[in-house]
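Residue strings, one per chain:
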Amino acid sequence: MSAAFGYEAKITKGALPATFEAMLEKANAETKVIFEDTDFYLIEDRELATSRFQMFVQHSQQVPVAQTAIRIWSDKKTKELILAELHLSEETKKVEKLLANKYKSAKFSKGALKSKQLSQAISKLISAEIARHDTDNRVISMKFRDQWEKGDLVRRVEVRGRRGVHHISVSLLKNRITEKSYMEFPQSEQFHTVKANVYPIYEEVETTGEKLPFEVRDLKFISTNLHDGGVTPLAEFESIKFSENKYHPILAETEVGKSHDFWSEATLRIRVEKSVAKFPLKANDFTNGMLLQGKYATVNIHPGAREFTGVNFPLKPSVNHMINWTKVGEEYEAKPTSGIYGKLITSEESLLNLLPERLPDHDPVSYINSGFDEVQVYYGVTVLMDALGDMGFEDAELSTKPFHAFLYDPDISMKDNAYYYDNTINFTTYNPGTPNLARDNPTVWHELGHGVMDRLMGPHLGFADSKGGYGGLSEGMADFLAKIIVEHQTSGADFPGKNDFRIMNNTGFYLTNEFHDEGEAYGGAMNDMLTGVISKEGREGLFDFTDLTLEAMRLTRNHPALSPKSWYEHMLYADALGSEVRGPNQFKDMIEKALVKRNFSFDPAFKPATMKVTFENGELTNSSDASRDKPLIECGLDGYVAHDLKVELSSGDSDFITFPATVKVEYKKGAIQGAIRWAGEEANPTVYTINSAADILNVPLKASMDCETVNQPDGSCKDYAYLQVFNAGETKPAAKKRFYLKLNKKECKP
Ligand SMILES: [Zn+2]
């Protein structure tokens, strides 16, 4: 037994007579301390169903010694010992004379200990201590008991507060507080559910502009209480410097890193959360005005939105932060920055009267004043977390903390966008012709997909296909997690635009030159598997395959260089393990078949199909000239830029590309396309045919230096020609590569 209590002993059946004296004798023999029967109080002596139970507690000068006891269980008939356990304080017994002197010189006596005067003096001390508590400083009731603790006469006071219990120990000999702790009452979390109009999928179909109806749905898990951070909730962090040269996600987690003030988004977030937890709670209800802050989502307006004029409610800083980087001198510094609380909701009726309006110009101020986008985003986030929880996302902390949404990032260069960063999903402003992404659940679910990956696959996950830790797998998985939620919500029912999702594609592995397109192969393969599983097992299959996906995500947590191969290997491993809901190898065949159909195999001898694009500067790859991050910046001749591209194809071992293949050059309809004026774009797309692997296709490209629209902050237009390879009879390409230009006439010499 451990020595935590001083002397401990356990005596089993029949080893000693079942008497108090026998126990004392044993204790005295083993401790060499002379315990006497007068050192103990008999506290309990009762018959239990199966034994007689006795309990004695050690005391000194009539004051019990903390955590001491002799407990004896004996046979009711034979009196034989069943069990005895001894927890005694040798220390107290050894220094008994000293304690007696202390006790006397402090003028304590049995009567004095119960005196009103002492009681009042202590209660004053305790009340002052409680008053200093951050969140629970009202005394509802107070009770105490006195006992010896490690040679000190201690009054242990238990104070009931409004939200929990304070335990405070006061040394009566030293007349000061020696220990304190606080525990909140265990409580089941309380949430509001209110009804509101929302879009179950989205407001409009991106490809056709078709508008879909909204419906009344529940907004679940709205917090009943919120931490009230006042007017400067993050003031504590004003004076703390989070500089780039102290940023290190790994070192920030180590003792040595901490001692040198290294930090990461994760460590900064924990500091903010701790700080916010100290703020007092305030009821979040219709009386005070309800905010959409809940278990899974907090909705905030982007701090940059203060630049808008015409918002008709006060912009109060929220306790939820985003990280803002600024340049201070020569260095970049991060600052946790408060969002802004949204519009207060005063009744369910007002929510039901709140109808979405699709404004032709997407005016952000009108949208802020309406409050509908807040409702929609709250709904979208909550649905995802609730659904994933349903399907096995039950990991402590990871599955229970809210994501923070920030609406209306006013940055012009971020227009028509939604993005995930460090536990936040962010929405921007929109051009007239594009959908409002805050009203587009699959987009919300895609961004949150990044968030769920971030949480489950870990902050230290690296991708083999990109140095920045951001790969095609990340995009494909985010699409796939969104797809899982779409399936969960619709059970396979059709809706306009369903077939336009990026994940519904034919894209193969090794046949693209940027992560978004590469992600189509990952997402597409996962989607093929899911579709197969659902057609075989129905909704049950959705749950089982999600269980498998979540487990593979756990098993790849913090993988330093995850590749397509290692991701699918981990899927197969998770599949082989089985789970509470899955049999071992339940999906093995399905996974392997789906991969071969995507130009992928685990066999090292496997030759994939290829699409080779070359131009004057060599081969077009995901890091070559004319790739997304290295667009060609040119001035050209006579107001035009021209390039000749050569395209070659091969079928590979799985015959993934078949001849004759169609090559389409798309100028307008790809994501973010349209800024550059290409020659021939009126007849978009330009269509070619390649008849065999020996065929070399020539694609002449010509672009005007006069931008159609400026889409870059520096006044230039950046755009790409999208080369797509189709197998006969197919509507989605098997291979695709993008060729980027960035043009700025003003930067060119006349
Ligand atoms: Zn993404």
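Residues numbered from 1 in each chain as written. Predicted model: local features only at pLDDT ≥ 70, side-chain atom pairs only at ≥ 80, totals over all residues. Heavy atoms only, no water.

## A word on the sheet that holds strand E22 (residues 610–615)
Worth spelling out the cut-off: When DSSP locates at least two bridges between a pair of strands, those strands are taken to pair. Here a helix means four or more residues in a row that DSSP labels H or I, a strand means two or more in a row labelled E, and each is numbered from the N terminus.
In spatial order, the strands read E23-E22-E25-E28; together these 4 strands make up an open sheet with antiparallel pairing. Two strands close off the open sheet at either side, each with one partner strand: strand E23 (618–619) and strand E28 (697–704). Pairing of E22 with E23, which is carried by 2 bridges, proceeds in the antiparallel orientation. When the sheet's bridge partners are listed, Phe-615 is paired in E23 with Gly-618.

## Remarks on the environment of Lys-669
Position of Lys-669 among the secondary structure elements: in the loop between strand E26 (661–666) and strand E27 (686–690). For the pair Lys-669 and Ser-624, spaced 45 residues apart in the sequence, the C-alpha separation amounts to 24 Å.

## Concerning unusual backbone geometry
Apart from glycine, the bulk of residues carry a negative phi angle, and the bulk of peptide bonds sit in the trans form. In the segment running from Phe-659 into Pro-660, the intervening peptide bond is cis, with an omega of -5°. Looking at where Pro-660 falls in the secondary structure, it is placed in the loop between strand E25 (640–650) and E26. Of the consecutive residues Asn-684 and Pro-685, the connecting peptide bond is found in the cis state with omega at -10°. Within the element layout of this structure, Pro-685 appears in the loop between E26 and E27. Within the chain, Phe-221 stands out as a residue other than glycine whose phi angle is a positive 60°. Structurally, Phe-221 is set in strand E12 (residues 215–223). Residue Asn-423 is not a glycine yet carries a positive backbone phi of 70°.

## Considerations on the coordination of the zinc ion
We count it as follows: Each metal site is built from N, O and S donor atoms within 2.8 Å (3.2 Å for Na, K and Ca), and since water is not included, such sites may look incomplete. Every angle between 85 and 135 degrees makes a four-donor site tetrahedral, while opposite donors more than 155 degrees apart, with all other angles between 65 and 115, make a four-donor site square planar and a six-donor site octahedral; other sites are irregular. Partly exposed residues are those whose accessible area sits between 20% and 50% of the maximum for their type, while under 20% is buried and over 50% is exposed, using a 1.4 Å probe and protein chains only.
Every protein donor of the zinc ion is accounted for by His-446 (NE2), His-450 (NE2), Glu-475 (OE) and Glu-475 (OE), and the metal-donor separations fall at 2.1 to 2.7 Å. For the zinc ion, the 4 donor atoms in the first shell make angles of 51 to 133° at the metal, so the coordination geometry reads as irregular. The motif formed by the donor residues of the zinc ion, counted along the single chain, is H-x3-H-x24-E. Here His-446, found in helix H11 (residues 441–456), pairs with Glu-475, found in helix H12 (residues 472–490); they are 29 residues apart in sequence, far enough to count as distant. The two residues His-446 and Glu-475 agree in class, both being buried.

## Description of the environment of Leu-645
Applicable threshold: In what follows, residue pairs with any heavy atoms lying within 4.5 Å of each other are defined as contacts.
Assignment of secondary structure puts Leu-645 in strand E25. Residues Leu-645 and Leu-555, 90 residues apart in the sequence, show an inter-C-alpha distance of 43 Å. Leu-645 has contacts with Val-613, Thr-614, Phe-615, Leu-697, Asn-698, Val-699, Leu-701, Leu-723 and Phe-739, leaving out every residue within four places of it along the chain.

## Here we look at the nonpolar core
Put simply, the rule is: Within this scheme, the nonpolar core is defined by two criteria: the residues are buried Ala, Val, Leu, Ile, Met, Phe, Trp, Tyr or Cys, and they are joined through side-chain atoms within 4.5 Å.
If you look at the biggest cluster of nonpolar residues, it comprises 98 residues, and the most contacted ones within it are Leu-219, Met-529, Phe-545, Met-553, Trp-567, Tyr-568 and Met-571. Sort the elements by how many residues they give to this core and helix H10 (residues 372–390) lands first, with 11 residues. Not counting residues within four places of it along the chain, the set of residues in contact with Leu-219 comprises His-192, Thr-193, Val-194, Ala-196, Val-198, Leu-292, Leu-351, Val-375, Tyr-378 and Tyr-379. In this structure, Leu-645, Val-665, Leu-723 and Cys-748 belong to the second largest nonpolar core, which totals 38 residues.

## Some thoughts on the pairing of strand E2 (residues 40–47)
Summarising the sheet, E2 and strand E3 (residues 52–60) pair through 7 bridges and their orientation is antiparallel. The residue bridging Asp-45 from the neighbouring strand is Gln-54, located in E3. Here E2 folds back onto E3, and the loop between the two strands holds 4 residues.

## Points about the state of the cysteines
Here is the rule we go by: Any two cysteine sulfur atoms lying within 2.5 Å of each other are counted as a disulfide.
Summed over the entire model, instances satisfying the criterion amount to 2 disulfides. Across the disulfide, Cys-635 is cross-linked to Cys-748 (sulfur-sulfur distance 1.9 Å). Handedness of the Cys-635-Cys-748 disulfide follows from its S-S torsion of about -90°: it is left-handed. Within this pair, whereas Cys-635 is found in the loop between strand E24 (632–633) and E25, its partner Cys-748 is found in the segment after strand E30 (735–743), the two being separated by 113 residues in sequence.

## Structural notes on the sheet that holds strand E29 (residues 717–726)
Judged by pairing direction, the sheet is mixed, and its 5 strands sit side by side in the order E24-E30-E29-E26-E27 without closing on themselves. If you trace the sheet from one side to the other, it starts and ends with E24 and E27, each paired once.

## Concerning the pattern of salt bridges
Pairing between side chains of opposite charge can happen when their charged atoms approach one another. Counted only if it meets this: Salt-bridge detection follows one rule: a side-chain nitrogen of Lys or Arg within 4 Å of a carboxyl oxygen of Asp or Glu.
Summed over all chains, the structure comprises 39 salt bridges. Here Asp-45 makes a salt bridge to Arg-52, at a shortest N to O gap of 2.8 Å. Looking at Asp-45, the relative accessible area reads 38%, which means it is partly exposed. Under the relative-accessibility criterion, Arg-52 is labelled partly exposed at 29%. Here Arg-71 makes a salt bridge to Glu-85, at a shortest N to O gap of 3.1 Å. With Arg-71 in strand E5 (residues 69–74) and Glu-85 in strand E6 (residues 81–88), the pair connects residues that are 14 residues apart, well separated along the chain. Relative accessible area serves as the criterion here: at 21%, Arg-71 is assigned to the partly exposed category. In this structure Glu-85 comes out as buried when scored by relative accessible area, which is 14%.

## Focus on the side chain of Thr-549
Considering the arrangement of structural elements, one finds Thr-549 in helix H14 (residues 539–555). For Thr-549, a relative accessible area of 1% puts it in the buried group. Leaving out residues up to four positions away in the same chain, Thr-549 has contacts with Met-477, Phe-480, Met-526 and Trp-567.

## Examining H10
Which entries qualify depends on this criterion: Multiplying 1.5 Å by the helix residue count minus one yields the expected span of that helix.
With 19 residues, H10 should reach 27 Å at 1.5 Å per residue; the first-to-last C-alpha distance of 27 Å fits that figure. Taken from the residues just after H10, Gly-392 is the one with a positive phi, measuring 115°.

## Focus: the environment of Leu-251
Its location among the elements puts Leu-251 in the loop between strand E14 (242–243) and helix H6 (255–259). Through-space distance from the C-alpha of Leu-251 to that of Thr-443 is 34 Å; in sequence the pair is 192 residues apart. Not counting the four nearest positions on each side in its chain, Leu-251 is found in contact with Gly-257, Lys-258 and Phe-262.

## Re helix H3 (residues 96–105)
Using the following cut-off: The arc in question is the one traced by the directions running from the helix axis out to the C-beta atoms.
Among all positions in H3, only Leu-99, Ala-100 and Tyr-103 are buried. Down the axis of H3, the buried side of the element spans an arc of 100°, and every buried residue falls inside it. The exposed residues of H3 that point more than 90 degrees off its buried face are Lys-97, Leu-98 and Ser-105. The first or second residue beyond H3 is Lys-107, which carries a positive phi of 60°.

## Quick notes on the packing of aromatic side chains
A ring pair, where both rings are aromatic, is described by two values, the distance of the centres and the angle of the planes. Put simply, the rule reads: Pairing of aromatic rings covers Phe, Tyr and Trp, the last counted by its six-membered ring, and requires centre-to-centre distances within 6.5 Å; plane angles under 30 degrees mean stacked, over 60 mean edge-to-face, and any other angle means tilted.
If you walk through the whole model with that rule in mind, you get 29 aromatic pairs. Ring geometry for Tyr-202 and Phe-495: centres 6.0 Å apart, planes at 75°, overall edge-to-face. In this pair, Tyr-202 is assigned in the loop between strand E11 (191–198) and E12 and Phe-495 in the loop between H12 and helix H13 (515–537), connecting sequence segments 293 residues apart. As far as burial versus exposure is concerned, Tyr-202 and Phe-495 are alike and both buried. An aromatic cluster of three or more residues is present, and its members are Phe-509, Tyr-510, Tyr-522, Tyr-568, Phe-600 and Phe-602.

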